[in-house]
Amino acid sequence: MSGKIKIEQPKIPQDLTQANFQEIYYQDEPYLESRIITNCTIDREKMDKIVLSQIVFKNVTFSDVSFRNIELTDVIFDHCDLTNADFMGGSIHRVEFKESKLLGINLSDASLGNVFFENCNLNLSAFGYSSLKQVRFDHCSLESADYYECKFIKVKFETCRLNEVNFSRTPLKGIDISSSTFQRITVSPEDLKGCEVSPDQAIVFAAMLGLKIKE
């Protein structure tokens, strides 16, 4: 995780107990800590305000799950499928998503801090009204993702696909998208001020603003 943005990594104990997600039902509250869950499908689970701490999910498919207001702290998702997972209103801190499919995931109205997305498919993902602080997207596909009225603090998009992303009412001052690619994104001129872009991207934005560039 190079660059100017320092992301705190999840604090995971070396010796985690292998577990099944169903263990959460044996607790007094929907809480699970210090476990590794691998090679399984978590299917049709719907719980509100679930708390997961120091958890590693590896090769896990989340199918038709709704965990609104989830609290994730020190969690790793490695080669997981979270397609259409509903994490709306979640509190997500020191979390890594690696080589995972997050197509259509709902992270709207969530709080993300020290979160790292690496080689993930986030096409059609929803982040509207969320707060992102110290969040990095590396080599991710974010086509048609929605960042409507988000708050960005130290966010970077490194070599990402941003085509048709919606940044409406989200100020991009200090946000670096210069290494990423897109044909079109939705952003207002006032919110684009201070955004770090490449020369080629500047030409695209100029065309969006109706400017004619003479060679």
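Residues numbered from 1 in each chain as written. Predicted model: local features only at pLDDT ≥ 70, side-chain atom pairs only at ≥ 80, totals over all residues. Heavy atoms only, no water.

**Q** Explain the environment of valine 204 to me, using residue names and the numbers behind them.
**A** Among the structural elements, valine 204 can be located in helix 2 (residues 199–208). Measuring from C-alpha to C-alpha, the distance between valine 204 and arginine 184 comes to 7.7 Å, with 20 residues separating the pair along the chain. Beyond its immediate sequence surroundings of up to four residues, valine 204 is in contact with Phe182 and Gln183. (Helix = DSSP H or I, 4+ residues; strand = E, 2+ residues; numbered from the N terminus. Contact = heavy atoms within 4.5 Å.)

**Q** I'd like a description of the side chain of aspartate 86, backed by residues and values.
**A** Considering the arrangement of structural elements, one finds aspartate 86 in the loop between strand 4 (71–78) and strand 5 (91–98). Aspartate 86 gets classed as buried once you look at its relative accessible area, which sits at 12%. Of the polar contacts made by the side chain of aspartate 86, one reaches the side chain of arginine 68; its length is 2.7 Å. Setting aside anything within four residues of it in sequence, one finds aspartate 86 in contact with Val65, Ser66, Phe67, Arg68 and Asn106. (Buried < 20%, exposed > 50% of the residue type's maximum accessible area, 1.4 Å probe, protein only. Polar contact = N/O pair within 3.5 Å; in protein donor to acceptor, adjacent residues only side chain to side chain.)

**Q** Requested: an account of the pattern of salt bridges, with residues and values cited.
**A** Applying the stated criterion across every chain, the model contains 13 salt bridges. The partner of glutamate 158 in a salt bridge is lysine 156, with the nearest N and O atoms 3.3 Å apart. Look at lysine 156 and you get buried, because its relative accessible area is 16%. One salt-bridge network, held together by shared partners, links Arg136, Asp138, Lys156, Glu158 and Asp176. (Salt bridge = Lys/Arg side-chain N within 4 Å of Asp/Glu carboxyl O.)

**Q** Hey, could you go over the sheet that holds strand 8 (residues 151–158) for me, with residue numbers and the actual values?
**A** Whenever strands of a sheet pair, they do so through backbone hydrogen bonds, lying parallel or antiparallel. A sheet is described by the order of its strands in space; here eight strands give the open sequence 1-2-3-4-5-6-7-8, paired in parallel fashion. Looking at which strands have only one partner, the edges of the open sheet turn out to be strand 1 (17–18) and strand 8. Bridge count for strand 1 against strand 2 (residues 31–43) is two bridges, and the pairing is parallel. Following the sheet pairing, threonine 17 is matched in strand 2 by arginine 35. (Pairing = 2+ DSSP bridges.)

**Q** Which residues make up the pairing of strand 3 (residues 51–63), and what values do they have?
**A** With 11 bridges connecting them, strand 2 and strand 3 associate as parallel partners. Along strand 3, the bridge assignment pairs tyrosine 31 with valine 51. Here seven bridges tie strand 3 to strand 4, and the two strands are oriented parallel to one another. By the bridge assignment for strand 4, valine 51 is matched with glutamate 71.

**Q** An account of the packing of aromatic side chains is requested, with residue identities and associated values reported.
**A** By convention here, two paired aromatic rings are described through the distance between centres and the angle between planes. Within the structure shown, the criterion is met by 21 aromatic pairs. A centroid spacing of 4.7 Å and a plane angle of 15° characterise the contact between phenylalanine 127 and tyrosine 147, whose relative ring orientation is stacked. Of this pair, phenylalanine 127 sits in the loop between strand 6 (111–118) and strand 7 (131–138) while tyrosine 147 sits in the loop between strand 7 and strand 8, and the two are 20 residues apart along the sequence. Considered together, phenylalanine 127 and tyrosine 147 belong to a single accessibility category, that of buried residues. When the ring of tyrosine 147 is compared with that of phenylalanine 167, the centres are 5.5 Å apart and the planes differ by 20°; the resulting orientation is stacked. Taken as a pair, tyrosine 147 in the loop between strand 7 and strand 8 and phenylalanine 167 in the loop between strand 8 and helix 1 (189–192) lie far apart in primary sequence, 20 residues in all. Judged on exposure class, the residue tyrosine 147 and its partner phenylalanine 167 are both buried. One aromatic cluster is present, built from ring pairs that chain together Phe57, Phe62, Phe77, Phe97, Phe117, Phe127, Phe137, Tyr147, Phe152, Phe157 and Phe167. (Phe/Tyr/Trp six-rings, centres within 6.5 Å; stacked < 30°, edge-to-face > 60°.)

**Q** I'd like a rundown of helix 2, residues and numbers included.
**A** Those residues of helix 2 that sit buried are Gln201, Phe205 and Ala206. Take helix 2 and look down its axis: the buried residues cluster within an arc of 145°, on one side only. Pointing more than 90 degrees away from the buried face of helix 2 are the exposed residues Pro199, Asp200 and Ala207. Summarising the contacts, the buried residues of helix 2 are in contact with helix 1. (Arc of directions from axis to C-beta.)

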